[in-house]
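Chain by chain, the residues run as shown.
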Amino acid sequence: MHDEVSTDKRNPRLNPNGLIYGATEESTDLFPVLDPVHHKATQVKMLVRDPATPSSKQNPMLPSPFWGDERIWDSQTSMHNPMFDEKGRVWFTSRVRPPANPDFCKKGSDHPSAKLTPIDASNRHLSMYDPKTGKITLISTCFPTHHLVFAEDANNTLWTSAGGPQSGVIGWLNRKLFDETGDEVRSQGWTALVLDTNGNGRRDEYVEPNEPVDPTKDKRVNAAFYGVAVNSNDGTVWGSVLGFPGYVIRLDPGSNPPATALAEIFEPPLPGYGPRGMDIDRHGVAWTPLASGHLASFDRKKCKGPLNGPTATGKHCPEGWTLYPFPGPQLANVTETGSAEASYYAWVDQFDTFGLGRDVPIATGNANESLLALVNGRFVNLRVPYPLGFYTKWMDGRIDDPAAGWKGRGLFATVSTRAPFHMEGGKGTTSKVVKFQLRPDPLAR
Amino acid sequence: MNARRAVGATIVIAAALMAAAGRAPLDAQPAADPAIRIGGADLGGVVTGANGPEAGVWVIAETTDLPTKFAKIVVTDDRGRYVLPDLPKANYSVWVRGYGLVDSAKVRTAPGKIVNLTAVVAPSAAAAAEYYPAIYWYSMLRVPEKSEFPGTGPDGNGVNPALRSQEQWLDIVKTNGCYTCHALGNKATRTISPMLRETAKSSGDVWQRRIQSGQALTQMTTNLGRMGNGPALGLGGAEGLHAR
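These numbers come from a predicted model, not from an experiment.

1. Description of the overall build of chain B
In terms of regular secondary structure, chain B is built from 7 helices and 12 strands. Counting every position in chain B, which comprises 244 residues, the buried fraction comes to 49%. Long-range contacts, defined as pairs at least 24 residues apart, comprise 60% of the intrachain contacts of chain B with a sequence gap of at least 6.

2. Examining the overall build of chain A
Looking only at helices and strands, chain A has 4 helices and 30 strands in total. For 445 residues, the compact-globule estimate of 2.2 N^0.38 gives 22 Å, and the C-alpha radius of gyration of chain A, at 21 Å, lies within 12% of that figure. Projected onto its principal axes, the C-alpha positions of chain A cover 65 × 50 × 50 Å. Expressed as a percentage of contacts within chain A between residues at least 6 apart in sequence, the contacts between residues at least 24 apart total 53%.

3. Section: the environment of Glu 130 of chain B
Mapped onto the fold, Glu 130 of chain B is located in the loop between helix 1 (125-129) and helix 2 (134-138). Sequence spacing of Glu 130 of chain B and Gly 52 of chain B is 78 residues, and the spatial spacing of their C-alpha atoms is 24 Å.

4. Here's the deal with the nonpolar core
Grouped together as the largest cluster of nonpolar side chains are 141 residues, with contacts concentrated most on Ile 170, Leu 193, Ile 249, Ala 263, Ile 362, Leu 371 and Ala 373 of chain A. Each residue touching Leu 371 of chain A, except ones within four places of it in the same chain, is listed here: Ile 362, Thr 364, Gly 365, Leu 382, Met 395, Leu 411, Ala 413 and Phe 436 of chain A.

5. So, helix 5 (residues 203-210) of chain B
Of all the residues in helix 5 of chain B, the buried ones are Ser 203, Gly 204, Val 206, Trp 207 and Arg 210 of chain B. The buried residues of helix 5 of chain B all sit within an arc of 155° when viewed along its axis, so they share a single face.

6. Re the sheet that holds strand 1 (residues 3-5) of chain A
Residues and elements named next belong to chain A. With antiparallel pairing, the 4 strands of this open sheet are ordered in space as 1-2-3-4. The sheet is open, and its two edges are formed by strand 1 and strand 4 (40-45), each paired on a single side. Each neighbouring strand pair of the sheet contributes to a mean axis angle of 25°, computed without reference to strand direction. Alignment of strand 2 (residues 20-23) against strand 3 (residues 30-35), held across 2 bridges, turns out to be antiparallel. When the sheet's bridge partners are listed, Ile 20 is paired in strand 3 with Leu 34.

7. Remarks on the interface of chain A and chain B
Each partner contributes residues to the interface: chain A has 71 residues there, and chain B has 79 residues. Listed by contribution, the elements that provide at least two residues to the side of chain A that touches chain B are strand 4, strand 27 (378-383) and strand 30 (433-438) of chain A. Of the residues that constitute the side of chain A that touches chain B, the class distribution is 37 nonpolar, 20 polar and 14 charged.

8. Topic: the environment of Thr 53 of chain A
Residue and element names in this part refer to chain A. Its place among the elements puts Thr 53 in the loop between strand 4 and strand 5 (81-84). The exposure class of Thr 53 is buried, given the 20 C-beta atoms found within 10 Å. Once the C-alpha coordinates of Thr 53 and Arg 97 are considered, the two residues, 44 residues apart in sequence, prove to be 4.7 Å apart.

9. Some remarks on helix 3 (residues 166-173) of chain B
Burial analysis of helix 3 of chain B places 8 of its 8 residues in the buried class, the great majority of the element. Inspection of helix 3 of chain B places Gln 166, Glu 167, Gln 168, Trp 169, Leu 170, Asp 171, Ile 172 and Val 173 of chain B among the buried residues, and these make up the whole buried set.

10. A word on the sheet that holds strand 9 (residues 148-150) of chain A
Strand pairs in the sheet, formed through backbone hydrogen bonds, run parallel or antiparallel to each other. All names here are of chain A. Within the open sheet, the 4 strands sit side by side as 9-10-11-12. Their pairing is antiparallel. On the outer flanks of this sheet lie strand 9 and strand 12 (188-192), each paired with one strand and no other. Strand after strand, the sheet turns through a mean of 25° between neighbouring axes, direction not considered. With 5 bridges connecting them, strand 11 (residues 169-173) and strand 12 associate as antiparallel partners. Of the residues in strand 12, the one forming a bridge with Gly 171 is Trp 190.

11. Remarks on the pairing of strand 2 (residues 43-49) of chain B
Residues and elements named next belong to chain B. By the criterion of burial, strand 2 is predominantly enclosed, with 6 of the 7 residues buried. With 4 bridges joining them, strand 2 and strand 6 (residues 81-84) adopt antiparallel strand pairing. When the sheet's bridge partners are listed, Leu 43 is paired in strand 6 with Leu 84. In the sheet, strand 2 pairs with strand 10 (residues 113-114) via 2 bridges, with the strands oriented parallel. The residue of strand 10 that forms the bridge with Gly 44 is Ile 114. As paired strands, strand 2 and strand 3 (residues 52-53) are joined by 2 bridges and run antiparallel to one another. For Gly 49, the partnering residue across the bridge sits in strand 3 and is Gly 52.

12. Brief notes about unusual backbone geometry
Peptide bonds are, in most cases, trans, and in most cases residues other than glycine have a negative phi. Residue and element names in this part refer to chain A. Pro 271 follows Leu 270 through a cis peptide bond whose omega is 15°. Following the sequence through the fold, Pro 271 ends up in the loop between strand 19 (262-266) and strand 20 (279-280). Of note, the amide linkage connecting Tyr 386 to Pro 387 takes the cis form, showing an omega dihedral of -15°. Turning to its location among the elements, Pro 387 is positioned in the loop between strand 27 and strand 28 (396-399). In this model, His 39 sits at a positive phi of 60°, which is unusual for a non-glycine residue. Within the secondary structure, His 39 is located in the loop between strand 3 and strand 4. Exposure remark for His 39: the 20 C-beta atoms within 10 Å place this residue in the buried category.

13. Considerations on the confidence of the model for chain B
All names here are of chain B. For chain B, the mean per-residue pLDDT works out to 84, and 82% of the residues sit at or above 70. Of the regions scoring below 50 in pLDDT, residues 1-12 engages in 43 contacts with residues more than four places distant in sequence or in other chains. Under a pLDDT of 50 for its full length, residues 236-244 has, in the predicted model, 26 contacts with residues more than four places off or in other chains. Two numbers describe this predicted complex: its pTM, 0.94, and its ipTM, 0.96.

14. A closer look at the packing of helix 3 of chain B against helix 6 (residues 217-227) of chain B
Residue and element names in this part refer to chain B. Remark: helix 3 packs on helix 6, axes separated minimally by 9 Å, with the N-to-C direction vectors making an angle of 170°. It follows from the interaxial angle that helix 3 and helix 6 lie roughly antiparallel. Crossing hand, helix 3 versus helix 6: left-handed. Together, Trp 169, Ile 172 and Val 173 of helix 3 and Asn 223, Arg 226 and Met 227 of helix 6 make up the contact between the two elements. For the contact of helix 3 with helix 6, the residue count by class is 4 nonpolar, 1 polar and 1 charged.

15. Quick notes on the pairing of strand 27 of chain A
All names here are of chain A. Where strand 26 (residues 370-375) meets strand 27, 6 bridges bridge the pair, whose relative direction is antiparallel. Residue Leu 374 lies in a different strand from strand 27, and its bridge partner there is Phe 379. Linking two consecutive strands that pair antiparallel, namely strand 26 and strand 27, is a turn of 2 residues; a positive phi of about 50° is found at Asn 376 within it.

16. Thoughts on the environment of Phe 354 of chain A
Residue and element names in this part refer to chain A. Note on placement: Phe 354 falls in the loop between strand 24 (346-349) and strand 25 (360-365). Sequence separation between Phe 354 and Trp 406 is 52 residues, and the spatial gap between their C-alpha atoms is 7.8 Å. Not counting the four nearest positions on each side in its chain, Phe 354 is found in contact with Asp 349, Gly 397, Arg 409, Gly 410, Leu 411, Phe 436 and Leu 438.

Rules of the game
Residues numbered from 1 in each chain as written. Chains lettered and ligands numbered in written order. Predicted model: local features only at pLDDT ≥ 70, side-chain atom pairs only at ≥ 80, totals over all residues. Helix = DSSP H or I, 4+ residues; strand = E, 2+ residues; numbered from the N terminus. Buried ≥ 20, exposed ≤ 12 C-beta atoms within 10 Å, placed from the backbone. Contact = placed C-beta atoms within 7 Å. Rg over C-alpha atoms; globule rule 2.2 N^0.38 Å. Core = buried A, V, L, I, M, F, W, Y, C linked by C-beta atoms within 7 Å. Arc of directions from axis to C-beta. Pairing = 2+ DSSP bridges. Axes fitted to C-alpha atoms, helices over the stretch in contact; angles between N-to-C directions. Nonpolar A, V, L, I, M, F, W, Y, C, P; charged D, E, K, R; others polar. pLDDT = per-residue confidence, 0-100. Parallel < 35°, antiparallel > 145°, perpendicular 65-115°, else oblique. Left-handed = near helix turned anticlockwise from the far one by under 90°.

In structure tokens:
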């Protein structure tokens with residue numbers, strides 16, 4: 001299992017007491033559905049458009065100490081993340097076809113994005129499951145997908161990340177247009193990530209990543225998002241970029257995103273490095289866990305220097321970053337601040353679904369076997385002690401009943417390791433949904 | 001690491017499934033401590049150890065009677081008291097887990113009862129450490145010294161020459177490599193299975209073989225190569241992830 005979703009990230013009152021959906025990535029094409037009231041789990045088969053879509057079963061692998069010659073992994077769809085929309089439909093990043101893109105994505109196409117930034121291949125796309133009808137809709141995207149998030153805009157734009165930085169694009173689906181027309185070609189778009197290097201406030205002709213800076217032009221960066229989030233205050237799209245030292249990028253889509261989107265790139269200062277997942281709070285502050293063993297915040301409002309121009313190339317705003325060392329011991333031979341924690345993602349409890357307050361950032365404690373909530377500068381370590389080996393990749397919070405106090409709200413996360421048989425219980429141990437609730441005292445009932 | 005206090009004593013964790021909207025009947029049961037008020041869907045009691053009440057330990061209730069496996073976990077207060085609220089109707093195994101302890105014997109019971117439990121102090125530090133999260137084991141990883149960077153390659157110190165600093169190496173062995181898909185430091189990764197032991201002569205050989213199991217062979221071998229196979233493979237064996 002990679003992740004779950006229980007509600008609309010923009011409205012945690014959606015789907016009260018309702019079914020919870022999971023994404024199984026490389027394990028299987030069956031996505032799990034959990035009824036947390038009646039304690040029942042079912043499965044739905046995700047579809048592909050092309051039967052020639054590759055499966056993880058074809059991956060090279062030697063026999064397993066746990067499973068011998070049995071190839072237990074068999075997934076064509078590679079469902080990575082689920083996300084609810086405001087209509088109660090569940091959207092996935094999933095693979096619908098082999099990687100080679102159709103012609104409309106490529107050079108020579110008249111698609112507005114392809115004309116500017118043609119793409120030859122994408123290894124994951126989009127799909128949608130409507131629980132009311134049981135219908136699955138597949139969307140072949142030119143751009144690769146990984147994580148996904150809905151904007152709070154009139155089009156309910158679905159922004160996606162690409163995973164690794166190689167594609168050099170960020171893609172989206174105009175969900176309103178897609179709902180109205182079913183036209184997956186017209187409804188999708190993507191853009192290169194271009195810095196306003198000439199500093200004139202708009203996107204112009206640019207030099208490619210492998211070309212030297214030209215002060216009269218803008219500069220494309222070879223980056224794409226891993227985590228992705230939307231600033232609800234201004235509609236800018238934010239993402240983390242893998243690599244060393246990695247980046248956080250702010251993308252202002254502009255009026256015609258394929259041609260007008262402008263990026264700003266911010267590099268964490270040492271001792272911080274290595275972001276992975278990312279979220280943003282209602283004040284526009286980005287939060288990302290770092291491989292250095294810190295939870296980092298980046299507040300663009302703290303930047304003192306120019307945010308565009310020839311010096312705005314990543315290292316220009318160290319003052320925007322704050323690093324919070326994760327709990328736990330540091331690795332032997334490592335003298336910097338931070339801990340051995342290797343957190344995968346951060347999620348911000350924008351609506352106080354848990355009870356520690358609005359806008360509390362919560363990181364996955366993948367080595368602490370916990371969730372790590374940062375409250376007033378100090379971590380609250382929510383350890384899952386049983387079964388040993390809790391390792392999650394995301395979470396969300398839902399308010400089932402706003403009048404029911406602590407009983408009416410809580411966080412959900414999954415056991416997300418690719419190797420659940422590494423946990424207590426060993427072979428046969430499957431993934432789980434874990435719900436966290438915050439009582440006012442240990443005897444509350 | 002010796003403190004037994006676990007998480008804030010007000011956290012409810014429900015592993016697997018949980019009836020979020022369930023309501024317990026209000027027919028409170030009598031208890032020795034009047035502060036412990038339970039209804040027909042609750043369990044409560046006091047956890048006591050060799051030195052009296054055990055504060056900050058977990059009480060776990062688990063059942064397989066429901067369509068899915070279900071467990072609910074709470075923490076004791078400063079006087080060792082606990083209440084497990086809103087349990088679905090079923091028969092449960094209930095036990096105590098905590099830092100400095102080993103699991104207590106499982107008690108079979110059903111909601112609506114006062115169940116006092118006895119914590120069991122770990123007979124050794126090693127026994128207690130089995131319950132620590134992976135990070136405490138992982139922190140003993142033998143990371144190459146700063147002086148070993150930049151790497152000098154397979155004919156030198158084994159570290160990939162492309163890695164200019166210890167931080168770049170850590171980025172891979174932590175968040176953006178190994179820990180991308182699974183933990184390191186948990187029981188399964190700090191021990192060697194008999195199958196792997198039979199096929200390899202050294203801990204490095206074990207890890208060279210181990211990373212070729214499963215659907216992520218390509219990613220794992222690539223990541224080890226990014227670090228430099230020599231020290232990367234050596235860190236996971238008896239000199240590395242095993243307890244020292």
